[in-house]
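Listed below are the residues making up each chain.
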Amino acid sequence: MPHHWSDTPEGPVVLTLTAHRSLPPKGFAAVILITVAFLTLPLLSVLGTAVLWWMLPFLAAAVWALWAALRRSYKDGEVSEELTRAGDVLTLTHRPVRGDEMVWESNIYWVRVELHKTGGPVSNYVTLKGNGRHVELGRFLSEDERQELFNEMQAYIAQSKTTTS
């Protein structure tokens, strides 16, 4: 699950959301190696001829393009969000891949968690409402993960309001 709660006695309750990684680093290396292996098979038939030197740049470009696309995918997956609570203040910090991080704060007593089944940029769109603003939460998660996140957030907010009042 790309989100997890950490409740340590020394610090605040933290919810960390990260993008799902379907291809681990070892899988990345395996894909590149398998691609190179399959692309060298046709080269064996033209080994020692001038055709080899005509084919080699195109095959190298194909491997480089695959490598660049996978690296870009990994970079795009570095988006994260962190929800912390210090006293009555709930803080959401969104760290995009490109650009500055965005911070939203609100008193936990006024925070509402909303699930938009339709009408949002994605289905099961989760937002937090408080301090006069709506902010999205976990847009990069899958539809099922956003539904689960909504249920957990609703329970956390309700529990927080009852235990501290």
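What you see is a predicted model; the values in this text were computed from it and never measured.

(A) Molecular detail of the overall build of the chain. Helix and strand counts for the chain stand at 3 helices and 8 strands. Listed N to C, the secondary structure of the chain is β-β-α-α-β-β-β-β-β-β-α in terms of helices and strands. Taken over C-alpha atoms, the radius of gyration comes to 23 Å for the chain, far larger than the 15 Å a tight globule of 165 residues would show. C-alpha atoms of the chain, sized along the principal axes, occupy 80 × 40 × 30 Å.

(B) Representation of helix H1 (residues 25-45). With 21 residues, H1 should reach 30 Å at 1.5 Å per residue; the first-to-last C-alpha distance of 32 Å fits that figure. Restricting attention to buried positions, one finds in H1 the residues Gly27, Phe28, Ile32 and Leu43. Summarising the contacts, the buried residues of H1 are in contact with helix H2 (50-76).

(C) Main features of the sheet that holds strand E6 (residues 112-116). The strand order E6-E7-E8 describes an open sheet built from 3 strands, whose pairing is antiparallel. Either end of the sheet is taken by a strand with one partner, and the two such strands are E6 and strand E8 (133-136). Between one strand and the next, the sheet's axes are offset by a mean angle of 30°, whatever the strand orientation. Relative to strand E7 (residues 125-130), E6 runs antiparallel, the two sharing 5 bridges. Paired with valine 113 across the two strands is leucine 128, which belongs to E7.

(D) Structural context of the pattern of salt bridges. Within this structure, the stated rule accounts for 6 salt bridges. Here glutamate 114 ties to arginine 112 by a salt bridge, and the two come within 2.4 Å at their closest N and O atoms. With relative accessibility at 14%, the residue glutamate 114 sits in the buried group. The exposure class assigned to arginine 112 is partly exposed, which follows from its relative accessible area of 43%.

(E) Geometry of the side chain of glutamate 145. Here glutamate 145 is to be found in helix H3 (residues 143-164). There is a polar contact of 2.9 Å between the side chain of glutamate 145 and the backbone nitrogen of serine 142.

(F) Local environment of the nonpolar core. In this structure, Leu128, Leu137, Met153 and Ile157 are the most contacted members of the largest nonpolar core, which totals 19 residues. Listing elements by their share of this core, those giving two or more residues are strand E2 (13-18), strand E4 (89-95), E7 and H3. Considering each element in turn, this core owes the most residues, 5 residues, to H3. Apart from residues lying up to four places away in sequence, leucine 128 is in contact with Leu83, Trp104, Val111, Arg112, Val113, Arg133, His134, Val135, Leu137 and Met153. By size, the runner-up hydrophobic cluster in this structure holds 5 residues, among which are Phe28, Ile32, Val63 and Leu70.

(G) Region of interest: the packing of aromatic side chains. Throughout the structure, instances matching the rule amount to 2 aromatic pairs. The interplanar angle of 45° and the centroid separation of 4.9 Å between the aromatic rings of tryptophan 5 and tyrosine 156 together place this pair among those described as tilted. Taken together, the positions of tryptophan 5 in strand E1 (residues 3-6) and tyrosine 156 in helix H3 put the pair 151 residues apart, joining distant regions of the chain. Residue class for tryptophan 5 comes out partly exposed when judged on its relative accessible area of 31%. Aromatic side chains phenylalanine 28 and tyrosine 74 sit 5.7 Å apart centroid to centroid with 80° between the ring planes, which places their arrangement in the edge-to-face category.

Criteria and thresholds
- Residues numbered from 1 in each chain as written.
- Predicted model: local features only at pLDDT ≥ 70, side-chain atom pairs only at ≥ 80, totals over all residues.
- Heavy atoms only, no water.
- Helix = DSSP H or I, 4+ residues; strand = E, 2+ residues; numbered from the N terminus.
- Rg over C-alpha atoms; globule rule 2.2 N^0.38 Å.
- Expected span 1.5 Å × (residues − 1).
- Buried < 20%, exposed > 50% of the residue type's maximum accessible area, 1.4 Å probe, protein only.
- Contact = heavy atoms within 4.5 Å.
- Pairing = 2+ DSSP bridges.
- Axes fitted to C-alpha atoms, helices over the stretch in contact; angles between N-to-C directions.
- Salt bridge = Lys/Arg side-chain N within 4 Å of Asp/Glu carboxyl O.
- Polar contact = N/O pair within 3.5 Å; in protein donor to acceptor, adjacent residues only side chain to side chain.
- Core = buried A, V, L, I, M, F, W, Y, C linked by side-chain atoms within 4.5 Å.
- Phe/Tyr/Trp six-rings, centres within 6.5 Å; stacked < 30°, edge-to-face > 60°.

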